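Residue strings, one per chain:
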Amino acid sequence: MQTLFIKGDKKVHQVKVSDIIYLESYGSYVKVHLRDEVIITLERLTNYETRLSTQGFIRIHKSYLVPVNKITVIEGNEMLVGEQRLPIGAVYRHNVNDLFK
């Protein structure tokens, strides 16, 4: 899957998976952070986790899903993804630790 269709803003956006910086849970919505924009969609983060797990994405927190190739620094309970510092949840710490195996 090179692209993903995302419903948001009363439109359907075709997004390159490689353009996704990270996904953030936002109540009943998901914010898909791209290079130049943020798409807000009425879908669960779990759905994206299932669809993108084979594309190199990992869940690092109950509210965040990130592509492994966009992680620049892991420090303590946080990581730097693009320009954004994101928390690593205790429940999802094993996903991050699996990167070192």
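Just so it is clear, the structure is predicted and the values come from calculations on it, not from any experiment.

1. So, the sheet that holds strand β9 (residues 78-81)
Hydrogen bonds along the backbone pair up the strands of a sheet, which may run parallel or antiparallel.
Right, on to step 1. Reading across from one edge, β8-β9-β10 is the order of the 3 strands in this open sheet, with antiparallel pairing throughout. Each edge of the sheet is formed by a strand with only one pairing partner; in this case those strands are β8 (71-75) and β10 (84-87). Neighbour to neighbour, the strand axes of the sheet diverge by 25 degrees on average, direction disregarded.
Right, on to step 2. Across 4 bridges, the pairing between β8 and β9 is antiparallel. Note that in β9 the partner of glutamate 75 across the bridge is glutamate 78.

2. A few points about the nonpolar core
Right, on to step 1. If you look at the biggest cluster of nonpolar residues, it comprises 15 residues, and the most contacted ones within it are Ile20, Leu23, Val32, Tyr48 and Leu52.
Right, on to step 2. Of all the elements in the fold, those that place two or more residues in this core are β1 (3-8), β3 (20-26), β4 (29-34) and α1 (45-52).
Right, on to step 3. Setting aside residues up to four positions removed in sequence, isoleucine 20 forms contacts with Leu4, Val15, Val32, His33, Leu34, Phe57, Pro67 and Lys70.
Right, on to step 4. The next biggest cluster of nonpolar side chains, apart from the first, holds 12 residues, and it includes Ile58, Tyr64, Val66 and Ile88.

3. A look at α1
Right, on to step 1. Restricting attention to buried positions, one finds in α1 the residues Leu45, Tyr48 and Leu52. Across the axial projection of α1, the buried residues extend over an arc of 60 degrees, all falling on one side.
Right, on to step 2. On the buried face of α1, the contacting elements are β1, β3, β4, β5 (38-41), β6 (57-61) and β7 (64-67).

Analysis parameters
- Residues numbered from 1 in each chain as written.
- Predicted model: local features only at pLDDT ≥ 70, side-chain atom pairs only at ≥ 80, totals over all residues.
- Heavy atoms only, no water.
- Pairing = 2+ DSSP bridges.
- Helix = DSSP H or I, 4+ residues; strand = E, 2+ residues; numbered from the N terminus.
- Axes fitted to C-alpha atoms, helices over the stretch in contact; angles between N-to-C directions.
- Core = buried A, V, L, I, M, F, W, Y, C linked by side-chain atoms within 4.5 Å.
- Buried < 20%, exposed > 50% of the residue type's maximum accessible area, 1.4 Å probe, protein only.
- Contact = heavy atoms within 4.5 Å.
- Arc of directions from axis to C-beta.

Any functional reading would require information that these geometric values do not contain.
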